[in-house]
Amino acid sequence: MEHKTLALVLAAGEGSRVKHLLKKDELVKPMLKVGKRRLIEIVLEEAEKIGDETAVLTYPSELYESLDQLVRNKGIRILKQKAKHRKLPHLLELAYIIKKQYLSADQEYLASFDSIATFCSDMVFIGSDFKAMVDFHKQNLSSPNDRQITILSKRGAEGRTYNFKVENGRLTSVQWFSSKPAEGYYPYASPGVYIFTRAVLKNPFGFLLGLDYNKVLIFETTGKWIDYGNPTPFKY
């Protein structure tokens with residue numbers, strides 16, 4: 001079964017936590033330099049491993065013109081975010097933002113993909129096997145109409161975690177409002193890399209019907225990531 005995936009880099013955030021670090025040629029967060037390369041260039045290199053095509057979602061503002069030009073010079077398509085959300089969205093908000101794109105001039109383009117994989121423009125990954133994640137996502141599809149979300153996660157990682165119960169790769173339960181995992185639950189961290197099938201994006205509010213209605217898979221990585229949307233990495 002042919003299954004076409006778009007790697008969509010989310011680059012419309014305000015970058016409020018690192019604004020004070022931006023230089024004259026770094027008007028928005030994805031243009032920050034990490035060593036000799038810009039953050040967006042590093043992220044695009046990883047995103048291109050996951051999709052049949054790559055696109056970048058930016059914001060309709062003059063501040064983003066240099067970013068848009070850099071991306072277009074690489075032959076990569078620019079989409080303009082219609083939703084007003086400017087901070088890193090949670091899972092439901094993210095699906096809603098992409099749904100807004102379906103209602104825009106990009107509708108035909110986005111609808112041509114069976115799944116959309118999202119990347120945050122401020123995460124740099126080390127050793128995460130994105131091709132294996134896509135293969136895992138495809139192998140678990142029983143039908144092109146499945147409501148399936150695959151989440152890149154790391155068990156026992158540092159930082160903000162959620163207590164998940166995972167059975168055969170499928171998320172079966174989430175333990176809310178408790179820092180100590182109950183029996184059968186384990187802490188997982190996620191850097192915001194998700195793969196949504198088209199059926200999820202047609203009706204993102206189907207999330208509210210829970211894990212019986214939505215098939216949510218956990219792809220466990222042994223890799224690491226660095227959040228450059230946080231000022232901490234720039235201290236070293």
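Above this text sits the structure in question.
Presented here is a report on the structure given in the accompanying data block. The structure displayed is predicted, hence computed values, not measured ones.

**A look at unusual backbone geometry**
Link 1 in the chain: Notably, Asn-168 is not glycine yet its phi reads approximately 55°, a positive angle.
Link 2 in the chain: By the element assignment, Asn-168 lies in the loop between strand S9 (162-167) and strand S10 (170-175).

**Here's the deal with the packing of aromatic side chains**
Link 1 in the chain: All chains considered together, the criterion is met by nine aromatic pairs.
Link 2 in the chain: In this structure an aromatic cluster arises from ring pairing among Phe-119, Phe-125 and Phe-130.
Link 3 in the chain: Note that Lys-4 overlies the ring of Phe-113, its terminal NZ or CZ placed 4.9 Å from the centroid.
Link 4 in the chain: Its guanidinium or amino end placed over the ring of Tyr-186, Arg-155 lies 3.6 Å from that ring's centre, counting from NZ or CZ.

**Regarding the nonpolar core**
Link 1 in the chain: Counting residues in hydrophobic clusters, the biggest one holds 33 residues, and the most contacted among them are Val-9, Ile-40, Ile-50, Val-56, Leu-67, Val-71 and Phe-119.
Link 2 in the chain: Mapped by element, the contributors of at least two residues to this core are strand S1 (5-10), helix H1 (39-47), helix H2 (65-73), strand S6 (115-120), strand S7 (123-126), helix H5 (130-139) and strand S13 (215-220).
Link 3 in the chain: Not counting residues within four places of it along the chain, the set of residues in contact with Ile-50 comprises Thr-5, Ala-7, Ala-117, Phe-119, Phe-130, Met-133, Val-134 and Ile-195.
Link 4 in the chain: In this structure, Leu-94, Phe-113, Phe-196 and Val-200 belong to the second largest nonpolar core, which totals 27 residues.

**Brief notes about the environment of Asn-168**
Link 1 in the chain: With a relative accessible area of 82%, Asn-168 lands in the exposed category.
Link 2 in the chain: For the pair Asn-168 and Leu-217, spaced 49 residues apart in the sequence, the C-alpha separation amounts to 9.0 Å.

**Here's the deal with the pairing of S6**
Link 1 in the chain: The buried fraction of S6 amounts to six of the six residues, a majority that puts the element mostly inside the structure.
Link 2 in the chain: With burial as the criterion, each face of S6 is covered, one bearing Ser-115, Ala-117 and Phe-119 and the other bearing Ile-116, Thr-118 and Cys-120.
Link 3 in the chain: One ladder, built from six bridges, connects S1 with S6; its direction is parallel. The residue bridging Leu-6 from the neighbouring strand is Ile-116, located in S6.
Link 4 in the chain: The sheet contact formed by S6 and strand S12 (residues 194-197) spans four bridges and is antiparallel. Each residue of the ladder has a partner; that of Thr-118, found in S12, is Tyr-194.

**Looking at H5**
Link 1 in the chain: Restricting attention to buried positions, one finds in H5 the residues Phe-130, Met-133, Val-134, Phe-136 and His-137. The arc that holds the buried residues of H5, viewed along the axis, is 160°, so those residues lie on one side. In H5, the exposed positions that point more than 90 degrees away from the buried face belong to Lys-131 and Gln-139.
Link 2 in the chain: You can read the cap of H5 off the contacts: a side-chain oxygen lies 3.4 Å from the backbone nitrogen of Lys-131, and it is on Asp-129.

The rules behind the values
- Residues numbered from 1 in each chain as written.
- Predicted model: local features only at pLDDT ≥ 70, side-chain atom pairs only at ≥ 80, totals over all residues.
- Heavy atoms only, no water.
- Helix = DSSP H or I, 4+ residues; strand = E, 2+ residues; numbered from the N terminus.
- Phe/Tyr/Trp six-rings, centres within 6.5 Å; stacked < 30°, edge-to-face > 60°.
- Lys NZ or Arg CZ within 6 Å of the ring centre and 35° of its normal.
- Core = buried A, V, L, I, M, F, W, Y, C linked by side-chain atoms within 4.5 Å.
- Buried < 20%, exposed > 50% of the residue type's maximum accessible area, 1.4 Å probe, protein only.
- Contact = heavy atoms within 4.5 Å.
- Pairing = 2+ DSSP bridges.
- Arc of directions from axis to C-beta.
- Polar contact = N/O pair within 3.5 Å; in protein donor to acceptor, adjacent residues only side chain to side chain.

Geometry only, nothing functional implied.
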